[in-house]
Amino acid sequence: MSLQEASDARKARLIALRNRKEGISTVSNGHRESVLLSRNYDPETRTLKKHSKNDVLTTDTVEKAIEGVAERIIAEDEQQRAQELDVFNIAPKRPNWDLKREMEKKLAKLERKTQEAVHTLIRQRLASQKGQSDDILGAMNAQEKALDVEDQLSDDDE
């Protein structure tokens with residue numbers, strides 16, 4: 001093979017490659033070859049893709065399918081952040097738990113003293129009803145009740 005023949009063969013291969021790349025069909029052995037490039041062929045529908053006048057694809061694309069997804073995700077994220085920043089969600093469930101913790105010891109002492117005072121008052125009332133009282137007022141009330149009871153008994157006898 002001479003240099004001229006190698007050069008001509010290379011030129012023919014380059015022209016065929018250029019034509020195939022541009023989508024121009026070539027004539028070989030008397031019939032035309034149709035060129036199906038992957039950008040023109042839709043494997044799902046097994047047909048050629050339709051092109052408009054401006055050479056824009058009219059079929060669905062991934063960009064069209066996810067067109068509104070980004071806006072929806074951003075809106076949902078903003079809504080969730082607004083919900084998380086709600087004042088009621090920030091506040092603790094028991095806002096005065098620390099105050100109660102410190103007051104429990106003091107309240108325990110006061111509760112014990114309160115119970116003792118209540119028991120003392122109940123004992124005094126019971127003692128005043130029976131006539132045994134340490135305070136003067138209770139003793140006087142018990143004495144008056146005793147006199148009233150004696151007067152009623154003496155009235156019943158007559």
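Within every chain, residues take consecutive numbers counted from 1 along the sequence as written. In keeping with the model being predicted, local features are shown solely for residues with a pLDDT of at least 70 and side-chain atom pairs are shown and tallied solely at 80 or more, while totals for entire chains, interfaces and linings include all residues. With hydrogens and water set aside, each side-chain value is computed from the structure's full complement of heavy atoms.

## Side note on the overall build of the chain
Put simply, the test is: Numbering goes from the N terminus for both helices and strands, where a helix is a DSSP run of H or I of at least four residues and a strand is a run of E of at least two. Every residue pair with non-hydrogen atoms within 4.5 Å of one another is taken to be in contact. Here the Shrake-Rupley method, with its probe set to 1.4 Å, supplies the accessible areas, and only the displayed protein chains count as covering residues.
Of regular secondary structure, the chain possesses 6 helices and 4 strands. In the chain, the succession of helices and strands from N to C terminus is α-β-β-β-β-α-α-α-α-α. A sequence separation of at least 24 residues applies to 0% of the contacts in the chain between residues at least 6 apart. Accessible surface, the chain: about 15,400 Å² in total, of which carbon and sulfur atoms supply 54%.

## A few points about a positive patch on the surface
Going by this rule: Residues qualify for a patch when their relative accessible area is over 30% and they have no salt bridge, like charges being joined within 9 Å and the nonpolar side chains of Val, Leu, Ile, Met, Phe, Trp and Tyr within 5 Å. Any Lys or Arg side-chain nitrogen located within 4 Å of an Asp or Glu carboxyl oxygen qualifies as a salt bridge. Positive charge is attributed to Lys and Arg, negative charge to Asp and Glu, and no charge count is given to His or to the chain ends. In this description, the location of a charge corresponds to atom NZ of lysine, CZ of arginine, CG of aspartate or CD of glutamate. The classification of residues rests on relative accessible area computed with a 1.4 Å probe and restricted to protein chains. Under 20% of the type maximum is buried, over 50% is exposed, and intermediate values are partly exposed.
Where like charges cluster on the molecular surface, the positive patch consists of Lys 105, Lys 106, Lys 109, Arg 112 and Lys 113. In this structure, Arg 112 sits in helix 5 (residues 97-130). Owing to a relative accessible area of 52%, Arg 112 belongs among the exposed residues under this scheme.

## Some words on helix 5
Spelled out, the test is: Take the residue count of a helix, subtract one, and multiply by 1.5 Å to get its expected span. Two axes define the bend at a residue: one fitted to the seven residues ending there, one fitted to the seven starting there, and the bend is the angle between them.
Helix length check: helix 5, at 34 residues, gives a terminal C-alpha distance of 47 Å against a target of 50 Å (1.5 Å per residue), a fit within 8%. The largest bend along helix 5 reaches roughly 40 degrees and is located at Glu 104.

## Focus on a nonpolar patch on the surface
Side chains of Met 103, Leu 107 and Leu 110 sit close together on the surface and give an oily, nonpolar patch of about 290 Å² of accessible area. Relative to the helices and strands, Leu 110 is located in helix 5.

## Some details on the pattern of salt bridges
In total, this model carries 2 salt bridges according to the counting rule given. In this structure, the salt-bridge partner of Asp 77 is Arg 81, at a minimum N-O distance of 3.4 Å. Of this pair, Asp 77 and Arg 81 are both found in helix 3 (residues 69-84), 4 residues apart, which corresponds to roughly one turn of the helix. Note that Glu 102 and Arg 101 form a salt bridge whose closest N and O atoms lie 3.7 Å from each other. When its relative accessible area of 44% is taken as the criterion, Arg 101 is described as partly exposed.

## With respect to a negative patch on the surface
There is a patch of like negative charges on the surface, built from Glu 144, Asp 148, Glu 150, Asp 151, Asp 155 and Asp 156. Within the secondary structure, Asp 151 sits in helix 6 (residues 136-157).

## Side note on the confidence of the model for the chain
Note: predicted coordinates in regions of low pLDDT should not be interpreted at a detailed level. Rules: Values of pLDDT, which run from 0 to 100, indicate the predictor's confidence residue by residue.
Per-residue confidence for the chain gives a mean pLDDT of 76, with 69% of residues at or over 70. Per-element averaging of pLDDT across the chain places strand 1 (residues 27-28) at the bottom with 57 and helix 1 (residues 3-22) at the top with 89.

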